[in-house]
Amino acid sequence: MCGIIGILGQHQVAPQLVEALKRLEYRGYDSAGVATIDAGGDLRRRRAVGKLVNLSDRLVNEPLSGRSGIGHTRWATHGAATEENAHPHQRGKVAVVHNGIIENFRELREELSGSGYIAESDTDTEVVAMLTASHLDQGMSPLEAARATLNRLQGAFALAFLFDGEGDLMIAARQGSPLAVGHGDDEMFIGSDAIALSPFTDRVSYLEDGDHAVLTRSSVQIFDSANRQVNREIATIDVGATVIDKGGYRHFMAKEIAQQPAVLGDVLNHYIRNDRIVLPEGMDFSQVDRLTIVACGTAYLAGYVAKYWFEKLAGLPCDVDVASEFRYREPPLSDRSWGIFVSQSGETADTLAALHYARGKVAKTVGVVNVGTSAIARDTDIALPTLAGIEVCVASSKAFTCQLAVLAVLALKAAQDRGRLSDAELARHLDDLRSVPALVNQALTTAEECRHLSGWLSEFQDVLFLGRGPLYPVALEGALKLKELSYIHAEGYASGELKHGPIALIDQHMPVVVVAPRDALFEKTVSNMQEVMARHGQVILVSDSEGIREGGDGVYASLTMPSGGGIFAPIIYAVPMQYLAYYTAVAKGTDVDQPRNLAKSVTVE
Ligand code: F6R
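Rules and cut-offs
- Residues numbered from 1 in each chain as written.
- Predicted model: local features only at pLDDT ≥ 70, side-chain atom pairs only at ≥ 80, totals over all residues.
- Heavy atoms only, no water.
- Helix = DSSP H or I, 4+ residues; strand = E, 2+ residues; numbered from the N terminus.
- Buried < 20%, exposed > 50% of the residue type's maximum accessible area, 1.4 Å probe, protein only.
- Contact = heavy atoms within 4.5 Å.
- Lys, Arg positive; Asp, Glu negative; His and termini not counted.
- Charge placed at Lys NZ, Arg CZ, Asp CG, Glu CD.
- Pairing = 2+ DSSP bridges.
- Right-handed = clockwise from strand over helix to strand, strands pointing away.
- Polar contact = N/O pair within 3.5 Å; in protein donor to acceptor, adjacent residues only side chain to side chain.
- Expected span 1.5 Å × (residues − 1).
- Near = heavy atom within 4 Å.
- Areas by Shrake-Rupley, 256 points an atom, 1.4 Å probe, with all protein chains shown as cover.
- Nonpolar A, V, L, I, M, F, W, Y, C, P; charged D, E, K, R; others polar.
- Core = buried A, V, L, I, M, F, W, Y, C linked by side-chain atoms within 4.5 Å.
- Axes fitted to C-alpha atoms, helices over the stretch in contact; angles between N-to-C directions.
- Parallel < 35°, antiparallel > 145°, perpendicular 65-115°, else oblique.
- Left-handed = near helix turned anticlockwise from the far one by under 90°.
- Phe/Tyr/Trp six-rings, centres within 6.5 Å; stacked < 30°, edge-to-face > 60°.
- Lys NZ or Arg CZ within 6 Å of the ring centre and 35° of its normal.

**Student:** I'm lost on the overall build of the protein in this one. Help?
**Tutor:** Assigned secondary structure in the protein consists of 20 helices and 27 strands. Its C-alpha atoms give the protein principal-axis dimensions of about 80 × 50 × 45 Å. Per-residue burial for the protein yields a buried fraction of 61% across its 605 residues. Considering only contacts within the protein whose residues lie at least 6 apart along the sequence, 72% involve residues at least 24 apart. Seen as two clouds, the 55 positive and the 75 negative side-chain charges of the protein have centres 1 Å apart.

**Student:** Quick question: what am I supposed to make of the pairing of strand 26 (residues 539-544) here?
**Tutor:** Consecutive side chains along a regular strand alternate between the two faces of the sheet. Most of strand 26 sits out of view: 6 of its 6 residues are buried. Bridging between strand 25 (residues 512-515) and strand 26 involves 4 bridges; their strand directions are parallel. By the bridge assignment, V512 is partnered in strand 26 with V539. After leaving strand 25, the chain enters helix 18 (residues 522-533) and then returns to the sheet as strand 26, a path that is right-handed. For strand 26 and strand 27 (residues 557-561), the ladder comprises 5 bridges, and the chain directions are parallel. When the bridges of strand 27 are listed, S543 appears paired with T560. In this fold, strand 26 hands off to helix 19 (residues 545-551), which returns the chain to strand 27; that crossover is right-handed.

**Student:** Please clarify how the environment of Q90 should be interpreted in this entry.
**Tutor:** Its location among the elements puts Q90 in strand 5 (residues 89-91). As a C-alpha pair, Q90 and F163 span 73 residues in sequence and 9.5 Å in three-dimensional space. When near neighbours in sequence (up to four residues on either side) are disregarded, Q90 contacts L43, R44, R45 and A95. A distance of 3.4 Å separates a polar side-chain atom of Q90 from the backbone oxygen of L43.

**Student:** How should helix 13 (residues 398-417) be read in this particular structure?
**Tutor:** Side chains that are three or four residues apart share a direction in an α-helix, a result of its 3.6 residues per turn. Given a rise of 1.5 Å per residue, 20 residues ought to cover 28 Å, and the 29 Å separating the end C-alpha atoms of helix 13 matches this to within 8%. The buried count for helix 13 comes to 18 of 20 residues, which makes it a mostly enclosed element. Just beyond helix 13, the residue with positive phi is G419, at close to 65°.

**Student:** Just checking my understanding: could you explain the side chain of T401 for this structure?
**Tutor:** Considering the arrangement of structural elements, one finds T401 in helix 13. Taking relative accessible area as the criterion, T401 reaches 0% and is therefore assigned buried. At 2.7 Å, the side chain of T401 forms a polar contact with the side chain of Q260. Apart from the residues lying within four places of it in its own chain, the contact partners of T401 are Q260, L264, I571, A574 and Q578.

**Student:** Looking at this model, I keep getting lost on the site of the ligand. Mind explaining?
**Tutor:** Around the ligand, the surrounding shell holds 14 residues, and the nearest of these are S343, Q344, S345, T348 and E484. Side-chain polar atom of S345 to an oxygen atom of the ligand: 2.6 Å apart, as the coordinates give it. Here S396 contributes a backbone N or O atom positioned 2.9 Å from an oxygen atom of the ligand. Contact with the protein chains removes 89% of the 410 Å² of surface that the ligand exposes when unbound. Broken down by secondary-structure element, the contributors of at least two residues to the shell around the ligand are helix 9 (297-314) and helix 17 (471-486). It is helix 9 that provides the largest number of residues to the shell around the ligand, a total of 3 residues. Its residues assigned to classes, the shell around the ligand shows 5 nonpolar, 7 polar and 2 charged.

**Student:** Which parts of the structure should I look at to understand the nonpolar core?
**Tutor:** One broad trend across soluble globular proteins is that nonpolar side chains are buried collectively. By size, the foremost hydrophobic cluster in this structure holds 106 residues, and its most contacted members are W309 and F310. V94, F105, A129 and L169 belong to the second largest nonpolar core, which has 27 residues in total.

**Student:** Help me understand the environment of H536, please; the structure alone is not making it clear to me.
**Tutor:** Along the polypeptide, H536 turns up in the loop between helix 18 and strand 26. Sequence separation between H536 and M510 is 26 residues; the distance between their C-alpha atoms is 9.0 Å. Setting aside its immediate chain neighbours within four residues, H536 contacts D507 and Q508.

**Student:** Mind showing me how you'd approach the sheet that holds strand 14 (residues 229-230) here?
**Tutor:** Backbone-to-backbone hydrogen bonds join strands into a sheet, with any given pair of strands oriented parallel or antiparallel. The 7 strands are arranged 5-6-7-8-12-13-14 in an open sheet whose pairing can be described as antiparallel. Two strands close off the open sheet at either side, each with one partner strand: strand 5 and strand 14. Across 5 bridges, strand 7 (residues 155-163) lies against strand 8 (residues 170-175) in antiparallel orientation. Considered in strand 8, the bridge of A158 is made with R174. Contacts from helix 4 (residues 126-137) reach strand 5, strand 6 (94-102) and strand 7, with the element oriented near 135° to strand 6. Running at roughly 165° to strand 7, helix 5 (residues 142-152) makes contact with strand 7, strand 8, strand 12 (212-215) and strand 13 (220-223) of the sheet.

**Student:** Any chance you could explain the packing of helix 15 (residues 436-443) against helix 20 (residues 569-588) here in plain terms?
**Tutor:** The relative placement of two packed helices comes down to the angle between their axes together with the axis-to-axis distance. Orientation of helix 15 relative to helix 20, taken along the N-to-C sense of each, is 20°, at an axis distance of 9 Å. Taken together, the axes of helix 15 and helix 20 lie roughly parallel to each other. You can see that helix 15 and helix 20 cross each other, and the crossing is right-handed. Contacts from V436, L439, V440 and A443 in helix 15 reach I571, I572 and V575 in helix 20. Residues of the contact of helix 15 with helix 20, tallied by class, amount to 7 nonpolar, no polar and no charged.

**Student:** What is the right way to read the packing of aromatic side chains from this model?
**Tutor:** The relation between two aromatic rings is expressed through the spacing of the ring centres and the mutual angle of the planes. According to the stated counting rule, one finds 13 aromatic pairs in the structure shown. When the centroid spacing of 6.2 Å and the interplanar angle of 40° are considered together, the rings of F285 and F310 count as tilted. In this pair, F285 sits in the loop between strand 17 (276-277) and strand 18 (290-295) while F310 sits in helix 9, placing the two residues 25 residues apart along the sequence. Each member of the pair, F285 as well as F310, carries the same accessibility label: buried. Pairing Y304 with Y308 gives two aromatic rings, centres 6.2 Å apart and planes at 20°, and the pair type is stacked. Of this pair, Y304 and Y308 both sit in helix 9, 4 residues apart, which is roughly one turn of that helix. Owing to a relative accessible area of 26%, Y308 belongs among the partly exposed residues under this scheme. Over the ring of Y357 we find K361, and its NZ or CZ is 3.9 Å from the ring centre. Here the guanidinium or amino end of R596 rests over the ring plane of Y487, the centre of that ring lying 3.8 Å away.

So, in C-alpha cells, the structure goes:
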C-alpha cells in the first residue's frame, strides 16, 4: 500500500514528483524518496524517513535536477522505517520503486548473494533492483533485464524502473497492485492512482494484471504476461483538483465530517428520484436467495449495519464477512446469491481477492465503491458509486455514511422487489431515508459537546461502546474510530452481550458510550446501562431527547441526537462517534489525518 509515481516530463521533475507524492501520501507515510536522471544521464536519488515534508526539506538543501524521475511513499512491510529501507532502491544502473510484496524475495536474495550481489536493506523490494542490475551486468538491455526480472517475481507488485543513462525510458509493471498510465503531450506518467496523475493529465489507462509497459516521452507500449503487445483503453478522468484543500478546517477529518449532509444529499438524490429508486438495470432482487457482503474495517461495519436492513426490510438472508477471513475460509456460495463488495478505495487487497473468489460462484457481484476508477469498481458486474468525493483523512467518515446510504437504498429495493413492503410502508421508509441528510446536519451540532467530553475521555486507557440491533455495528465503528485516531484502547459490544463477560471490566476507569435511540429495543439497553452504573461505570448516553428523558438518570453525560430517520438512524448516530474520536485525538495531540501505522489504501494482505 505504498504509492508510486514515475514521470518522463518536459520540466524539472523533482517538484512534480513531490506534488504527486502528496496525493499518494494517504497510501503510507513511513518514508519517501525520489530518483531522477540529470542532464548528464546520471541516476541520483534522495530519501527521507517520516512524512513527505522531510523529503521536501531535503530536496531544498540537496536538490535533484532532471526531467525523468520516479518517486515513492512507503508504508513499511519488510524492514523498519529507515533511510536504507526507503525507496527508490538503486543498484548499479537501475532504480526501482515498488508497491506490494515480493513473496519469494528471500530465495532470490540468497541466490543473488551467491553471485556477489549483497542486500543493503531489509526490504523485499531491493531484490528487484539487485536482480535487474545483475541482468544488466550480464549485458542485457534495460527491457530484457526488466523482463527477466519480472519473470522471477512472485507476489503482488506495481513497479517502476528507471535506468542510468536512459533519460527517455521508463518501464512499469503490474501484478496485483494497481497502476495507471497517464498520457500527456510529449510527457508520460505512471502512478498508483489517477489522483496522483491529476496535476499533469486527465488521460489515463490502467495496466491489467501481468502487464508491463515501456514508456518514452512520446509513446507507451503495453505488453501482457505473454509479451504480446496489447491496447489498454485510455479514459478521460475527472478527479478534480481539491484533494489537498482543507477548506478552512484544521484537519481533513473535520471537513469530511462536516461535508456529510451535502454528500448524503447527493448520493440519495442520485439513487432516489421522484419517489422512485433508480438503480442500474439488472439490480432485481426478486430471485436472489442470499446476500454475502464482504469488506474490511469501517466498510465492513457499513455492511454489518446493512445486514439488519436486508434481513428486516427484505427478508433476505445476509451474511457479512471480513474479507481477509472470507477468502481463506472458501465459503460455499449459492449461484442464486449476490456478493456485495464495499470499499472506499476500491483497491483493498483482501476485498478485491474476495471479489475474485466470488466471481463465477455467485449470480452477480455488486461493488459499493467510492473511487470510481478503482479495481473493485472495474471488476464487479455492477459498481454503485457512493459519491462521497475524495476522502483524504485516513480514517473514514463521509465514505462510511455514504456507503450506508447506498446500502439502505439497496435494502429498500430488495424489499420492493420481493414484495415485502406495501406502497405506504415503502413510501414511509423512503421518507425516513430522505430525511437523513437534514438529521445528519442537526447531528453536527453535537460537535461542541463531543469536544467538551473528549477532554475527559482522553484521560482514560480504555473505553467501551455499546449498541443493540443496527446500532451495534455503530458502536463497533465508534470503538474503531477512537482507537485508530486517539490510540486509546476501545471495544464495541452488543449491549445484551455485556453480562456474558465484558461486564467484568467495568469500574470507574472504564467509560461506557451507549448508543441508543428511543426505539423498540431502548428499554433493554437502559437495563444494560443500569447494570454498568451499578458497578460505578460512567456512561455517556447518546440518544434522542425522549431517550435521554426516560433513560438518562445517573449517566455521566448525554449527547442529544435529533429524533427520526426510522430504521436508518444508524447513519445519523455515526456522527457523534466520529466527533468523539476526532476531538479525543485532537485533545491527545495525535496525527488526526494520518494516524500512526495506518494507510488509507490497504493493497497488501
Ligand atoms: C477506518 C478505515 C478502514 C477502512 C478499511 C477498508 O477508519 O478507514 O478500516 O475502512 O481499510 O478500506 P476500503 O474501504 O478502502 O476498502
